[in-house]
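# Structure assessment
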Amino acid sequence: MAVREDRVEELARRRGFLWQAYEIYGGTAGFYDYGPLGARLKRQLEAEWRLFYSLEGFFEIESPTIAPAAVFRASGHLNCFSDLAVVCSRCDSFFRVDDEIVAGGKCPECGGELAGAGEFNLMFQTRIGVPKGKEGANRGEGYLRPETAQGMFVNFQRLLRFNRGKLPFGVIQLGKAYRNEISPRQSLIRLREFTMAEVEVFVDPDEKDSHPGFDTVRDRRIWLNPAEGEECETSVGDAVRSGIIANEYLGYHIAKVKEFLERIGIPSDRLRFRQHRKDEMAHYARDCWDAEFMSRRYGWMEIVGIADRGDYDLAAHATYSKVDMGVHTHTQTQTHSKMIPHVIEPSYGLDRIIYAIMESAFTEEQVGKETRKVLRLIPELAPVKAAVFPLLNREELKQKAKSVFQSLKQELVYVDYDDSGSIGRRYRRQDEIGTPYCVTIDYQTLEDDTVTIRDRDTMEQHRVRIDDLSAAILAGIRNLHV
RNA sequence: GCGGCAAUAGUCUAGUGGUAGGACACGGGCUUCCCAAGCCUGUAACCCGGGUUCAAAUCCCGGUUGCCGCACCA
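Residues numbered from 1 in each chain as written. Chains lettered and ligands numbered in written order. Predicted model: local features only at pLDDT ≥ 70, side-chain atom pairs only at ≥ 80, totals over all residues. Heavy atoms only, no water.

## Observations concerning the pairing of strand β19 (residues 342–349)
With respect to burial, β19 is a largely interior element, eight of its eight residues being buried. Burial of β19 is two-sided: the residues His342, Ile344, Pro346 and Tyr348 facing one way and the residues Val343, Glu345, Ser347 and Gly349 facing the other way are all buried. Across six bridges, strand β11 (residues 193–203) lies against β19 in antiparallel orientation. In the sheet register, valine 201 faces β19, and the bridge partner there is isoleucine 344. As judged from the six bridges shared by strand β16 (residues 299–310) and β19, these two strands associate in the antiparallel manner. Each residue of the ladder has a partner; that of alanine 307, found in β19, is glutamate 345. (Buried < 20%, exposed > 50% of the residue type's maximum accessible area, 1.4 Å probe, protein only. Helix = DSSP H or I, 4+ residues; strand = E, 2+ residues; numbered from the N terminus. Pairing = 2+ DSSP bridges.)

## Thoughts on the packing of helix α2 (residues 36–54) against helix α10 (residues 350–361)
As a packed pair, α2 and α10 sit with axes 11 Å apart at the nearest point and diverge in direction by 110 degrees. Considering the angle they form, α2 stands roughly perpendicular to α10. The residues of α10 that touch α2, namely those facing Leu41, Lys42, Leu45 and Glu46, are Leu350, Asp351, Ile353, Ile354, Ile357 and Met358. In terms of residue class, the contact of α2 with α10 is made up of seven nonpolar, no polar and three charged. (Axes fitted to C-alpha atoms, helices over the stretch in contact; angles between N-to-C directions. Parallel < 35°, antiparallel > 145°, perpendicular 65-115°, else oblique. Contact = heavy atoms within 4.5 Å. Nonpolar A, V, L, I, M, F, W, Y, C, P; charged D, E, K, R; others polar.)

## What to know about the sheet that holds strand β22 (residues 386–390)
Taken together, the five strands give an open sheet; going across it, the order is β23-β22-β24-β25-β26, and neighbouring strands pair in mixed fashion. Both edges of this open sheet fall to β23 (415–417) and β26 (461–465), since each of them pairs with a single strand only. In this sheet, adjacent strand axes meet at a mean angle of 25 degrees when their direction is disregarded. When strand β24 (residues 437–441) meets strand β25 (residues 450–455), the two strands line up antiparallel, connected through four bridges.

## A look at the pattern of salt bridges
If you walk through the whole model with that rule in mind, you get 41 salt bridges. Lysine 256 is paired through a salt bridge with glutamate 56; the nearest N and O atoms lie 3.3 Å apart. On the criterion of sequence distance, the pair formed by lysine 256 in helix α8 (residues 248–263) and glutamate 56 in the loop between α2 and β3 (59–60) is long-range, its members being 200 residues apart. Its relative accessible area of 24% is what places glutamate 56 among the partly exposed residues. Between lysine 338 and aspartate 324 there is a salt bridge whose closest N-O contact spans 2.4 Å. Here the residue lysine 338 occupies a position in strand β18 (residues 335–339), and aspartate 324 occupies one in the loop between α9 (312–321) and β17 (327–330), the gap between them amounting to 14 residues. Residue classification places lysine 338 among the partly exposed positions, given a relative accessible area of 40%. On the accessibility criterion, aspartate 324 (45% relative accessible area) is partly exposed. (Salt bridge = Lys/Arg side-chain N within 4 Å of Asp/Glu carboxyl O.)

Here it is as structure tokens:
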């Protein structure tokens, strides 16, 4: 731990993954730009995520990022976000108003008097359209969404009909969400504008205990940190049977979250699932497990939350909108009365996951007297799939290399060409941004149309025919996302 | 939000009330049949605003941003 743990962030800045936003005006806390390589990495991560849940048979929708106040009045966010705040007149400590802490009361820190400090609003407010007339002040009140989930809930009826009235079904949405955090910090860990990838699984509450695919995850090992009881490594099946995890649906989706995180390169020994205590649960949740990543720099941090939202949101929207959110259940002999489905919600913070991926992938190793920095991204996420070099800075090699580059680009799209500096320097440049393969053109190429492919992780090379080159590279990439 | 510390090229840094130095990176050239080699050469910086001073990147004040602690994270 004595060594600096911020080198991956330095690399991300220097090589065009991640920059502080609005830097020329001094920067604005809580906002980041993804540079050219970061944007590619993120887009490919999004594609992997879509693919993963599409294979579950879930549908993707895309809702607006701005919603009228009514949506958040129903969802409870307006109340929970617009609490009054107080500040201690003696020690300047800042608190949210609750049963014990009120203006005029005593500061729990120092006993000083608390004074009102106005609204403490975690949602960004805006105005939709132009307010009209004297009564227009409250008209058009809108908010930037603090989660994508509400877009799925308000469309529940449409989605149910789309699925021909049957439960269960899953809906996914990927997009920006906004929270006006009091103190954003720690690079991508706490942002004011961030990308969420959310899954809402609608299920009959009577069927939460029997997920049709549960057998496929039953034996998966998982590291659990429950709200009560000991931290343990166990199987998903045992955790559900013993009641540590409340039902099969929750267990299944916890297992799926783990599967996805491992697939994109987060090592399982740096992942655990921690259950929320009652007092830290969101207002809508009846149970919640966080997938936490062990960061070398920041310690355990939440990267995915898997909540059982019960019928909270659909019931609330039914009440406020007066629209029926109930579903008939059927058996062979009769139709039962209506019930409101429950929702199991895995909610991914993609920016935090980008951080977790980069920190996990970043390694420094001694090669002779030099330190080799390598970003061991899985090939699906690497912003550059292959780089093409002429071994020497000679016209005949450069020409050949450029023609190989042009044709490889047709297949892989994200391909680099580099003829500057020594061959070793060029390999290192690519290692640093995680390029899995480097292709080198030498004099033998001019004779027999073969090239060398050098592997990022082993630094080993083998020779292939140019005709077989793209196939050889694609063999190492499961899904090519462009 | 509060408190402490900090801010110098793309990156990491040295530095003094009076001309801002290095390393790496990057560009150009030479060399080199495979892992940041070597040689020549070039570009490039004192966070923003105000004050003190003959003179401020340096001292003072405010802001912004970053790090750490507290609080917050529905």
